[in-house]
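Each chain, letter by letter, is given below.
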Amino acid sequence: MSNTEYQITPGQLVFLITQTQIGVGLLGLTSKVHNVAKGDAWISVLLAGMLAHLFIFVMWCLSRRFPSFTLYDYLPVLLGKYIGKFIQFVYTAYFILVASYIILQFSSTFHDWVLSNTPRWIIMGIISGVCLYLIRESLRTIARFFVLVFFCNIAVIIITAYAYLHVNFLYILPVGQAGIWKITEGAHYAMNAFAGYELLLITFPLVEGGSAGKLKAATLANLFTAVLYTFAVFTSLIVFSPPEMELLPQPLLYMVKALTFSVFERLDLYFLSLWAVVTTTSLMGYMFMASKGLANLFRAQSNHQNAAPYTVALVFIIVVFFQNPLLIDVFGKILSIANYVFLFGIPFVLFMISILFKVTEVRGSTE
Amino acid sequence: MGLLTNMFTNNRRKSRPMLKKSVLTPQPVFPSVQENIQFMQEALFHTDDLLRQTVSIPGHTSEFLFMYTMCDQSKIREEILKPILDNRDGDLEGILISMRANRYDDLEKVIDLLVKGYAVLFIEGMEECFVIEVKSSHVRSVTEPNNEKTVEGSHEGFVESIIINLQLVRKHIENRNLVVKRYKLGNETKSEAVIVYLQNLANPKLINEVDCRIQNIDADNISSAEIIEEYIEDKSFSPFPQLLHTERPDRVIGNLLEGRVVLLAEGSSTALIMPVTFFAFYQSPDDYSFRSLQGSFLRFIRLFSFVISIGLPAYYIAVVSFHYEVIPQDLLLPIKRSVEHIPYPPILEALFLELTIELLREAGIRLPGPVGQTIGIVGGLVIGDAVVKAGMVSNAMIIVVALTAIASFVVPSHEMSASVRMLRFPVMVAASLFGFFGIVYSVIIILIHLCILESFGTPYFAPVAPLRLKDWKDTIIRFPQWMMKQRSNDPAPQKLDLQRSSGEERQGNE
Amino acid sequence: MRLGIILFAACFIAMLLSGCWDQQLLKDDRIVYIVGFDLGSDGKLQTTTAILDVSGSQKGMKPFSEIHTVSGYTSRHNREIMDLEVPGRVSASKVLVILFGEALARKHIYPVLDVFYRDPRSALNAKVAVIEGTTRDAITMKLTGTKLISEHYNKLIKSAEKATNVPNVNIQFICSPLLDQGDDFAVPYIKIAKTPSINGIALFNGDKMTGTLSREESMLYLLMADKLSKTASFTFEVNKEGKQNPEKYISIDVQSIKRKLKVNVQGNRKIQVPLDLNLKVNAIEYPKNHLTKQILDRLNKKLSKELTRKAQVVTQKMQKANHDGFGIGRRIMAYYPNTWKNLNWKEDYRKVEFVPKVTVEIVTHGIMN
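Colleague: How would you summarise the sheet that holds strand 3 (residues 102-104) of chain B if you had to cite specific residues and measurements?
Modeller: All names here are of chain B. Sheet architecture is open: 5 strands sit in the order 1-2-4-5-3, paired in antiparallel fashion. Edge positions in the sheet fall to strand 1 (50-57) and strand 3, since each has one partner strand and no second. Mean inter-strand twist for the sheet, computed between neighbouring axes without regard to direction, equals 30 degrees. Of the strand pairs in this sheet, strand 3 and strand 5 (residues 129-133) are connected by 3 bridges, and their pairing is antiparallel. Within the sheet, the bridge partner assigned to R103 lies in strand 5 and is F130. Of the strands in this sheet, strand 1, strand 2 (60-67), strand 4 (118-123) and strand 5 are in contact with helix 3 (residues 73-86), which crosses strand 2 at around 170 degrees. Running over the sheet, helix 5 (residues 107-116) touches strand 1, strand 2, strand 3, strand 4 and strand 5 and is turned about 140 degrees from strand 4.

So, in structure tokens, the structure goes:
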């Protein structure tokens, strides 16, 4: 399984996780959280980041007990063949649904902002096709690509930073106006945007080095995401007055729309283009996890490459037949709850089982 | 499927299946001169450039054969006739030694040599024949290659002879570790090719891989290095070249010293360097003859040219047909004015102009020197001005396309320049369909392809993907020589360290 | 390999099938550079636009504006009506300036602007101004120079911004205070006589225009709001005596400002706003000359007193117009959230006690004394 030829470095893991985390949630995050937590939305986001970190820690504890197994490999060991297969199936389905949700959100945002007449299935087809092209390759190549396009995040930060020319810090005062309960509720809405670190469960054995380094990598990745999100949310909060914020579904994008330079105007179009790249990598991350799951469903410990075309086709079919905006909303709500089950619930239960029954990886059973 | 294939491939002639490599049975030398000559003439199908000449070695009837098209007359006089005349009374052995003749007893082998320009001496009654090298050589002088000119530095260039080329390389690396491996390639052509590497630097795995790929070539016609390239490269259908061509010995030497392998072939003045990365195509020996700041600046310009030549026309098309909102207020009026009465959509305009420029370029190469230049000027000025006046193409588009064309010729490597010129068409089409969205996705596809691509096991887009900042010192920017402590990692050299701390103290004291 | 062929074929077919759905060619669109909104006679909305016309060949032939006036129910409705009049598709994505007639501005402006906020293509960086009179007159006006009417207004506003005559606003920047209860905005106020000229600023309360400030007042207003742009110059009468008229005056240019604004809430209702403004200025014109230490001190005192008096006038005008341009309400929300809950800001703002204090210090006086 842990063929050294296809292992990635912990440094690459940082980028893999970050790029999977930052994605479609970035634009809508502010307004979603602001609806609940008002001016304290940025605290909610920070809180969500910390919570995500706790989840990462649980995942790490679990994966550490099976250093050369992926989630799919030790599920049958822990839960028995049938339940294990079932959970594996559920995980795969979850990843496929998340991937579909990303595409749906992506295409509807693009539809609203730029390509309002282009049929959605074409946009969906292009983005799926591009994903397929990459996830047919080894994890190492995927990691290389993710590292390469990381500069998009930096560019996003730089563009956002220009909004500081016209801000009013009074909008977020007084800190704590919403109350702890509302802030926590806001954190719930932000949790969704942080999803992506479950990649750790799947790639844990594929990373070189000791488990401490892997935890460090995941921490760094989550930290970057949390900082970026907080920065983005904070900036939107101080640019728009609260009543205006309620009207804007994508404040971040709206904010950059008014920026003007002597060479560039309408920065939102450039911003969207960069964001498209970021979203695509996030989609690729989920597609990778899903195809790994799909491949393992049919043949244990097999490569994700063979399953990639089927995964992409499945996701494409789902998104093409599932375009009702109301349904997408419901879909998003379901996923935000399913989040906790898959990112925290199941790994935690598995961890408990593994401790209680003292199940760890048996040396030599790998090959 | 089968029917379709038959319909569209017009395959009326059936090729005879290729025989397995036939091993020729050795043919011993006949005792009689006549028989030998008879045999040789039969074997070469009485080709008319095969000449026979009798020489009188005292006490022996002897005759020699040579192909006059391949031989140097004065050499025949020097090497064959003169020793015989000088040693009128000497014994046969003495004559043969002064002729520097080699003995052969297999006529089949001798035929191959004969074709190469050796003379064969048959002596009545001997079971051996003697082969004397009288090859005529017409070697171009070592001049600076036309397509890789530099401002400063060495002005040597490779020629078509492998021996001279190797000499040019060895002259600069006087090192026992420099190893040359010879291959005979092509079942019909039997042309000679060598790989050169430094034993103590080049990765053994890499050497093995190169060796293996060359050994696996089983083709009739191999006549030049560029043909070998297609047999050994990783992905033939990738738009990016995966082996670096060069005609400059200093470039070859630099790469050898980084632990790469170089392939030279008889008859072509091009050396192939492997493995290479994308950025190697954007380096020029000039970078090293400039000081580090200037060198880095030039490299930046070249990489910038890559971005311009792929992205600029697409960006312009996307802007004028989708997102003209991004044009600043003050620029909008001139651009709007220039596109107002153009009958075609921008993509057609751009394709028309780009193709015109490609035509001009191609025509400029084919035409003789002075005319070529004229065509460039006539084409550039007259067509450019006329199409704008006729209202077929807008002024802005002319600027964009001209800039792009200039940018695409900045690349020091000819093959990379060609692939960049080709790559921008799909990006342009994507931009005309989806605006920025199309550009972003076509660029993503190109980037993914660069990430996937490998050249002899080396990631093609190193050191950017996989990221290795240490190697940026000599790829994207150029640090001063004394700061390059390590060789670049992409050919996986055996020794990474390049120097310890030369020059550092002096810098530190300042 | 096979996959590559399939992908290629798919792309090719997509290309052939596509009608380039979202294409909007620059050459086909008619670009609106300036748009003015007026209250029409029968309560309808009247829109006047100048559309860029670049006919003729690529060079020579100066562009001119094609002016249309239509009236309808909403600004989108008007755009549709206009589309019927104009050859080519009207596009408002590069609007430079949006003008409001004073009558309309005094009623409401948000419903008119909504389409600009909603349309993803619209230009959020368009300048906004209120015209004394109707925008129709402002846009149809014949200018003496060769500038386009839109360019004229754009440059007029921009240069006034640089001189701190008017606030630097566009339709995006006014949106936040427009919707916010505790903050208000002001836009340039343009008078049209022979040529259009900046005549101070129009104060808004919510989305209604409620008052104006003169040029000098608006400059002081901007300094008090801590919004010094490149330059800000005043001319004052400082000497009663003097041989010639110009000798009575001094012109100063503000170099840097330091503003201290505090909101003190005493009890529950009494709100006091001390506003300290410290100006470091450059004497740019003083025909009387001999700026010695004593004279400078005297001038500093005189100017400070004069400006403090003017600042009081500005705050009074603002309160009369119910215009909370310094964001006092926002500050109360931020620092005294409990007080804010008990306030009826519309009424209570007028009761706020402003205590402006301006100190002027001449720090440089050119290259002569």
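Colleague: Just give me the short version of the interface of chain A and chain C, but keep the residues and values in it.
Modeller: Contacts between the two partners involve 29 residues from chain A, matched on the other side by 27 residues from chain C. Buried area between chain A and chain C, both sides added, is near 2500 Å², and the carbon and sulfur share of it is 55%. Run the count over chain A and chain C and you get 1 salt bridge. Across the contact surface, chain A and chain C share 10 residue pairs in polar contact (both at pLDDT 80 or more). Counting only elements with at least two residues in the side of chain A that touches chain C, the list comes to helix 5 (81-113), helix 12 (242-245) and helix 13 (251-257) of chain A.

Colleague: Residue-level account of the pairing of strand 11 (residues 249-261) of chain C, with values.
Modeller: All names here are of chain C. Looking at chain direction, strand 10 (residues 233-237) and strand 11 are connected through 5 bridges and run antiparallel. The residue of strand 11 that forms the bridge with E237 is Y249. Where strand 11 and strand 13 (residues 270-285) come together, 10 bridges link them in antiparallel fashion. For S251, the partnering residue across the bridge sits in strand 13 and is E285.

Colleague: Mind laying out unusual backbone geometry, listing which residues take part and the relevant values?
Modeller: With an omega of -10 degrees, the peptide bond running from B:M274 to B:P275 counts as cis. Looking at the secondary structure, you find B:P275 in the loop between strand 10 (271-274) and helix 10 (286-289). Of note, the bond from B:A462 into B:P463 is cis; its omega dihedral lies within 30 degrees of zero at 0 degrees. Unlike most non-glycine residues, C:T164 shows phi in positive territory, near 55 degrees. By secondary structure assignment, the location of C:T164 is in the loop between helix 6 (149-162) and helix 7 (171-179). Overall, the relative accessible area of 1% leaves C:T164 in the buried class.

Thresholds applied
- Residues numbered from 1 in each chain as written.
- Chains lettered and ligands numbered in written order.
- Predicted model: local features only at pLDDT ≥ 70, side-chain atom pairs only at ≥ 80, totals over all residues.
- Heavy atoms only, no water.
- Pairing = 2+ DSSP bridges.
- Helix = DSSP H or I, 4+ residues; strand = E, 2+ residues; numbered from the N terminus.
- Axes fitted to C-alpha atoms, helices over the stretch in contact; angles between N-to-C directions.
- Contact = heavy atoms within 4.5 Å.
- Buried area = accessible area lost by both parts, 1.4 Å probe.
- Salt bridge = Lys/Arg side-chain N within 4 Å of Asp/Glu carboxyl O.
- Polar contact = N/O pair within 3.5 Å; in protein donor to acceptor, adjacent residues only side chain to side chain.
- Buried < 20%, exposed > 50% of the residue type's maximum accessible area, 1.4 Å probe, protein only.

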